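Okay, here's what each chain looks like letter by letter:
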Amino acid sequence: AEANLNLGVAYFRAGNLPLAKEKLERARDQDPRNASVHGTLGLLYARLGDDAKADAEFNSALRIATNDPEITNNYAVFLCGHGKVDAGVKRFEQAAANPLYKTPWVAWTNAGFCLRSANRNGDAAAQYERALRAQPTYAEAAYQYAELELAEQKPAIALQRVEAFLAANPKATPELLLTGWRAARAQGDQLWALKLARRLQTDFPNSAQTLVVAGGGAPGSSNNGAGGN
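Parameters at a glance
- Residues numbered from 1 in each chain as written.
- Predicted model: local features only at pLDDT ≥ 70, side-chain atom pairs only at ≥ 80, totals over all residues.
- Heavy atoms only, no water.
- Phe/Tyr/Trp six-rings, centres within 6.5 Å; stacked < 30°, edge-to-face > 60°.
- Helix = DSSP H or I, 4+ residues; strand = E, 2+ residues; numbered from the N terminus.
- Buried < 20%, exposed > 50% of the residue type's maximum accessible area, 1.4 Å probe, protein only.
- Expected span 1.5 Å × (residues − 1).
- Contact = heavy atoms within 4.5 Å.
- Disulfide = S-S within 2.5 Å.
- Arc of directions from axis to C-beta.

1. Concerning the packing of aromatic side chains
No. 1: Applying the stated criterion across every chain, the model contains 4 aromatic pairs.
No. 2: Taken together, a centroid distance of 5.6 Å and an interplanar angle of 45° make the contact between phenylalanine 58 and phenylalanine 78 tilted. Residue phenylalanine 58 is found in helix α4 (residues 51-64), and its partner phenylalanine 78 is found in helix α5 (residues 69-81); the two are separated by 20 residues along the sequence.
No. 3: Assessed through its relative accessible area of 1%, phenylalanine 58 is described here as buried.
No. 4: Ring geometry for tyrosine 75 against phenylalanine 78: centres 6.2 Å apart, planes inclined by 15°, an arrangement best described as stacked. With tyrosine 75 and phenylalanine 78 both in helix α5 and 3 residues apart, this pair spans about one turn of that helix.

2. Considerations on α5
Because each turn of an α-helix spans 3.6 residues, side chains separated by three or four positions end up pointing in the same direction.
No. 1: In this model, α5 (13 residues) spans 18 Å end to end at C-alpha, consistent with the 18 Å of a helix rising 1.5 Å per residue.
No. 2: The buried count for α5 comes to 10 of 13 residues, which makes it a mostly enclosed element.
No. 3: Along α5, the positions that sit buried rather than exposed are Pro69, Ile71, Thr72, Asn73, Asn74, Tyr75, Ala76, Phe78, Leu79 and Cys80.
No. 4: Elements that come into contact with the buried residues of α5 comprise α3 (35-48), α4, α6 (85-97) and α7 (104-117).

3. As for the state of the cysteines
No. 1: Counting across every chain of the model gives 1 disulfide.
No. 2: Here cysteine 80 is linked by a disulfide to cysteine 114, with a sulfur-sulfur distance of 2.0 Å. When the S-S torsion is -95°, as for the bridge of cysteine 80 with cysteine 114, the disulfide is left-handed. Note that cysteine 80 is positioned in helix α5 and cysteine 114 in helix α7, a separation of 34 residues in sequence.

4. Focus: helix α1 (residues 2-14)
No. 1: The end-to-end C-alpha distance of α1 is 18 Å, a good match for the 18 Å that 13 residues give at a rise of 1.5 Å each.
No. 2: Inspection of α1 places Asn4, Leu5, Gly8 and Phe12 among the buried residues, and these make up the whole buried set. Axial view of α1: buried residues confined to an arc of 100°, hence all on one face. Exposed residues lying more than 90 degrees from the buried face of α1 are Ala3, Arg13 and Ala14.
No. 3: Looking one or two residues past α1, glycine 15 carries a phi angle of roughly 85°, positive in sign.

Here you go:
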């Protein structure tokens, strides 16, 4: 079962979903009490668009390993992706509260994105605040928060958030830099727009975000959402 689980995960990551399905279902038949098998099958069925099976597998995994924070977080992502915002946020909170979960700020950031998808921006902002208090170097939380502020027509605040993050952290992401660039342009701050464009071109020359800047940019949102564990 363990060998088939490992093969299934490898095929899943490589994008070979038919072989991943074959190996993971075989692992489930060999060891029906393996929570990791059920949790991975939940991810696979979700990718395949079989929501009923995905939900069943996540629940099977959590019946076996009730407090597993990784499975809980992954199930929360699934729930939020299907419009079950309150249930998803509750699961994110459960994962973050688990002392065995090494990255609670990821769960709080995911909860923020989930709430924002339901236009609950105030609640989303509170989750991003929690994430950044717990891990000030987490660029994804800073990016999501700045995106929210930019969407609320607060470019000055969004730019200040990006500036503060960059001043305290040597590493950034292309998503965060592009959001800062868009905020600077919306604010009319040509100096910061130039700085951020140069940073993108230097640090991430082949990124999609750099292409936006190089083209002079229709400043549209690059927000693709959180997730992951």
